[in-house]
Structure formats: C-alpha cells, structure tokens
Amino acid sequence: MKKKRIIGIDPGLAHTGFGVIDAIGQTKRLVSYGIIETSPDDDHGTRLLAIYNRLVAVLEEFKPDEAGMETLYFARNVSSALNVAEAKGVVTMCLSQFAIPLSMYTPNQIKTSVTGSGRADKELVERYVKILLNLETEPKPDHAADALAAAITHIHTSVLPLA
C-alpha cells in the first residue's frame, strides 16, 4: 500500500502551525506537529526569515509529498491581515522551493471535512482531530491543531489510492 505524507500549515506571523500526517489507504497516522513561533521583539523581516528557516528544517526532516493550508478569510484589522498574508507567502514560497504541491482550503471546508459541520468551533475541530488521528489528547496549541485539520482535509479531498 502506498503511503502519502501530508503537511498541513496554519500560517501566521507570531505562530505558524504545522502538522504532518501519513495517509496509507484509508488510515491516517500522526507523524508530528508543532508551531513555529516568532518574537514580536524581532523586526518584521527577521520574523519572516525565521518562519522560512524553521519551515525548511521541518520539510527537510519530514519530507512531505503534498501540503494543505487554510486560506486567509478575514482579519480583525488590516495590519494583522497583512502579517498573515506575508507569512502565507513565505510558506507558499518555501513549499514551491521543495516542489511540494499545495492545496488551499477555506475554514468552512476544513470544519466540514473534519467534523461534518461548517459551523464547528475550534474545540470541536480539536476533538475530531484527536479522534481521527487516534490521539490520547487534543493537539495543542490551536495553531498546530488547525494545521493538522488542514492536513486531514487534504487527505479527505485528495484522490489518494485506496490500496
């Protein structure tokens, strides 16, 4: 049975979540998850470079075949939207550098794919991620859980071989 390794990413300037899952037929297995954290004390360019460098290390370590990422859908203010968009650009460039195909999903697509409801809150998504990956506890922090949800969505919506 062929294995596909998927990385899900939840981009952000302060916290970029990542989650790596292996899909083998209909089985999903957690490989790793975490966050890339940057300090607000660092200048903007340094923070973007830190996201890039740490994501390169994650990609080199886990060697994913494909990626799923949440689209930017709203922002409380323009400056936070621009920061997320820039982090998303860094992530997109990094994935392209490694020739990893990227699929984008709306928040409603991710919620529906993981829980069956586009109106699910973060806690419900985390509970379903726990169930779908057979984990003992919900993945934390929430940026990592969101990244795992993006990876699960990619698995659910991609054409993966059944055997």
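Here the structure is a predicted model, which is why all the values come from computation and not from measurement.

What follows concerns the overall build of the protein. When helices and strands are tallied, the protein shows five helices and five strands. Counting helices and strands in the order they occur from the N terminus, the protein gives β-β-β-α-β-α-β-α-α-α. C-alpha extents for the protein along the principal axes are approximately 45 × 35 × 25 Å. For the protein, the residues scored as buried account for 45% of the 163 residues in total. Counted over contacts in the protein with a minimum sequence separation of 6, partners at least 24 positions apart contribute 62%. A total of about 8,400 Å² of accessible surface is found on the protein, and carbon and sulfur atoms cover 53% of it. Counting 17 positive and 19 negative side-chain charges, the protein places the centres of these two groups 7 Å from one another.

Moving on, we get to the environment of K63. Among the structural elements, K63 can be located in the loop between α1 (44-62) and β4 (66-70). Overall, the relative accessible area of 60% leaves K63 in the exposed class. Of note is the side chain of K63, whose polar atom sits 2.5 Å from the backbone oxygen of E60.

With that settled, consider the sheet that holds strand β3 (residues 27-37). Each strand in a sheet pairs with its neighbour through backbone hydrogen bonds, running either in the same direction (parallel) or in the opposite one (antiparallel). Pairing is mixed in the open sheet, where five strands are placed in the order β3-β2-β1-β4-β5. Of all the strands in the sheet, just β3 and β5 (102-105) have a single pairing partner and so form its edges. Taking each pair of neighbouring strands and ignoring which way they run, the sheet shows an average axis angle of 20 degrees. In terms of strand pairing, strand β1 (residues 3-10) meets strand β2 (residues 15-24) through eight bridges, oriented antiparallel. By the bridge assignment, I9 is partnered in β2 with F18. Across the sheet, helix α3 (residues 107-115) lies against β4 and β5, angled at about 90 degrees from β5, the strand it touches most. Across the sheet, helix α5 (residues 142-157) lies against β1, β2, β3, β4 and β5, angled at about 35 degrees from β2, the strand it touches most.

Moving on: unusual backbone geometry. In this chain, K140 is followed by P141 through a cis amide linkage whose omega measures 0 degrees. Look at K63: it is not a glycine, yet its phi comes out positive at around 50 degrees. Positive phi is not limited to glycine here, since N134 has a value of about 55 degrees. Tracing the sequence through the fold places N134 in the loop between α4 (122-132) and α5. Classification of N134 by relative accessible area gives exposed; the value is 70%.

Attention now moves to the side chain of D10. Turning to its location among the elements, D10 is positioned in strand β1. Of the buried charged residues, D10 lacks a salt bridge, with K122 as the closest side chain of opposite charge at 5.8 Å. A polar side-chain atom of D10 sits 3.0 Å from a polar atom in the side chain of H143. Excluding residues that lie within four positions of it along the chain, D10 makes contacts with H15, T16, G17, H143, D146 and A147.

Thresholds applied
- Residues numbered from 1 in each chain as written.
- Predicted model: local features only at pLDDT ≥ 70, side-chain atom pairs only at ≥ 80, totals over all residues.
- Heavy atoms only, no water.
- Helix = DSSP H or I, 4+ residues; strand = E, 2+ residues; numbered from the N terminus.
- Buried < 20%, exposed > 50% of the residue type's maximum accessible area, 1.4 Å probe, protein only.
- Contact = heavy atoms within 4.5 Å.
- Areas by Shrake-Rupley, 256 points an atom, 1.4 Å probe, with all protein chains shown as cover.
- Lys, Arg positive; Asp, Glu negative; His and termini not counted.
- Charge placed at Lys NZ, Arg CZ, Asp CG, Glu CD.
- Polar contact = N/O pair within 3.5 Å; in protein donor to acceptor, adjacent residues only side chain to side chain.
- Pairing = 2+ DSSP bridges.
- Axes fitted to C-alpha atoms, helices over the stretch in contact; angles between N-to-C directions.
- Salt bridge = Lys/Arg side-chain N within 4 Å of Asp/Glu carboxyl O.

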